[in-house]
Amino acid sequence: MTAFILVSGMFTGTHIWQDTVARLTAVGAEVHTVALTGLDGPRAARDVAVDLETHIADVLAVVDSVGTAEDRRIVLVGHDYGIHPAVGAADRRAERIERIVYLDSGLPRDGVPALAAVPDQSLRERLAGSTATAATAATGGAEEAQGVLPPPALDEWARWGSTAGVPDAALDRLTALAAPQPLGTLLQPLRLTGAVDPVPTTGVLCTGNGTSIELIQMLVRLGDPALRPLTDPRVTFFELPTGHWPMLSCPAELTDVLLRAAAGEGHRLEPVDDAAGPGHMQPFLMDVPDVPRERHGNVDLYLPDAEEPRPAVVFVHGGPVPADARPTPRDWPGLTGYARCVAGDGAVGVLLDHRLHDLGDYERAAADVAAAVELARADPRVDGDRIALWFFSGGGLIAADWLDASPAWLRCLAATYPVLAPLPNWGMSETRLRPARAVANAGDLPLVLTRVGREMPEIAATVEEFLAAAKDRGADVEVIDVPNGHHGFETIDVTDESRAAVRHAIRTVLGHAFGPGTGTRPGTGAGAGTR
């Protein structure tokens, strides 16, 4: 028999599993929910600190209460924060655990506190490096000074994850029963011995909260070594088309997924082919001219054969990209292909490495982009009054600053398969970097958007939000569609359709950058060759 042990997340308790428990037991499964101390478990004395170890002990107590018959298989399910005490307990009882289910949760790591997985970036910044004492009192409220984080109000749950699909009555009950989260549970680093590593795992991704199997596969292809274990055949994945609380929004579908996970079913990721290399390191889809490149710190200039100052196109890569990724984005074939093409057509191509290594890095990445633009404009070979900015993928959020206040010298803003609004689980609801809002202030700035037909749904939704806002404001947007293109199509979809889209985009951007009356014919040589 399968024994499910369910561990709830921040501010919540065993009550959120009510429907799921009923459905699992109805099909004959054994189900236990863990009452976490300080949330809905036994209340600790005021002078007793509740930390992550406390909650690990709570989970261990339930694991140890389950019989040890040979046919008793424990499936340990952790939702949100609950995955941290779940994995901590599994590390100490690895021989008892058949499978761990990560229910719309992060990947706990040895030595890293649960705070690192909290989506609310302002909270992470406020609490990072603090303790649940006077250090917190200086920046937080009265409850934080007492060592707890107050639960969200009814209209604040979205800061902790998408509430898509949760009925109003269930959200009201969630709010009414929410409990303060002991800060020690977030601040104490998780300690793992490695014993849990061989335990099979299943990730249940809630697409309404901004994560999908396709997105995880793309991140794996980027070469982050921390994600490579996800391609192990013992790791499976499921998707649920709902927000962050599937036990409230779709308990029947969640029950089915949990039963299938226990049976070892699910999607398995494709391993990275080390011989072929990841998709983003494949050759650019067109032949490109051999033009001079100069390296200035974190900025590369691709120079045309010209004596007079020329317009420049600044290319902004996506991310987050791991800080130790090699080669860095400015040496990725897709980006260098664009830069060489515009240089071959008479403009200066500008490529930079910015510091978007984590979702909390957008501000400094935006500063890096601004500095690269100024470096390019100051170069005597650049016409500083004719600049275009071109954003890719996750770098799209940085476009908001330039949409919101476009300088006169910015002649065009382009975006290719961009993210144009923060995804729900990014914890950036209060950020200014929201192009879908900033486009209202774009005025008559020409915008060129390359949209791929096989985009990940969570990213495609941000593009449609942007286009709807642009239409309402009468913004000047030209959309170039690649119906059969994927995210990163320039190196993975080597087709005539893809080549035509790239040529069209380059020709259009350069047309705006050069402008009328310059005596140039931009776009005549961009990627003229094919492979």
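Basis of the calculations
- Residues numbered from 1 in each chain as written.
- Predicted model: local features only at pLDDT ≥ 70, side-chain atom pairs only at ≥ 80, totals over all residues.
- Heavy atoms only, no water.
- Phe/Tyr/Trp six-rings, centres within 6.5 Å; stacked < 30°, edge-to-face > 60°.
- Buried < 20%, exposed > 50% of the residue type's maximum accessible area, 1.4 Å probe, protein only.
- Pairing = 2+ DSSP bridges.
- Helix = DSSP H or I, 4+ residues; strand = E, 2+ residues; numbered from the N terminus.
- Axes fitted to C-alpha atoms, helices over the stretch in contact; angles between N-to-C directions.
- Contact = heavy atoms within 4.5 Å.
- Salt bridge = Lys/Arg side-chain N within 4 Å of Asp/Glu carboxyl O.

(A) Up close: the packing of aromatic side chains. Across all of its chains, the model carries 14 aromatic pairs by this definition. When the ring of Trp390 is compared with that of Phe392, the centres are 6.0 Å apart and the planes differ by 10°; the resulting orientation is stacked. Comparing Trp390 with Phe392, the two get one shared label, buried. Every member of this aromatic cluster is reached through a ring pair, and the members are Phe284, Phe315, Tyr338, Trp390, Phe392, Tyr417 and Phe489.

(B) Expanded view of the sheet that holds strand S8 (residues 235-240). If you walk across this open sheet you meet the six strands as S2-S1-S3-S4-S7-S8, and the pairing is parallel. At either end of the open sheet lies a strand with only one pairing partner, and these are strand S2 (30-33) and S8. Sheet twist, expressed as the mean angle between neighbouring strand axes with direction ignored, is 20°. Pairing geometry for strand S7 (residues 201-206) and S8, over six bridges, is parallel.

(C) Structural context of helix H3 (residues 83-92). Among the ten residues in H3, nine count as buried, and that is most of the element. What H3 keeps buried is the set Ile83, His84, Pro85, Ala86, Val87, Gly88, Ala89, Ala90 and Asp91. Where H3 is buried, its residues meet strand S1 (2-7), helix H2 (52-65), strand S3 (73-79) and strand S4 (97-103).

(D) Spotlight on the pattern of salt bridges. Evaluation of the coordinates by the stated rule reveals 23 salt bridges. Here Asp64 and Arg93 are joined by a salt bridge, their closest N and O atoms 2.9 Å apart. Placement of the pair is Asp64 in helix H2 and Arg93 in the loop between H3 and S4, with a sequence separation of 29 residues. With relative accessibility at 42%, the residue Asp64 sits in the partly exposed group. Across the salt bridge formed by Arg355 and Asp368, the nearest N and O atoms sit 2.9 Å from each other. One end of the pair, Arg355, is in the loop between strand S12 (348-352) and helix H13 (362-378); the other, Asp368, is in helix H13, with 13 residues separating them in the sequence. Judged by relative accessible area, which is 37%, Arg355 ranks as partly exposed. You can call Asp368 buried: its relative accessible area is 11%. Each of the salt bridges in this network shares a partner with another, and the network as a whole consists of Arg293, Arg295, Asp300, Arg330, Asp331 and Asp353.

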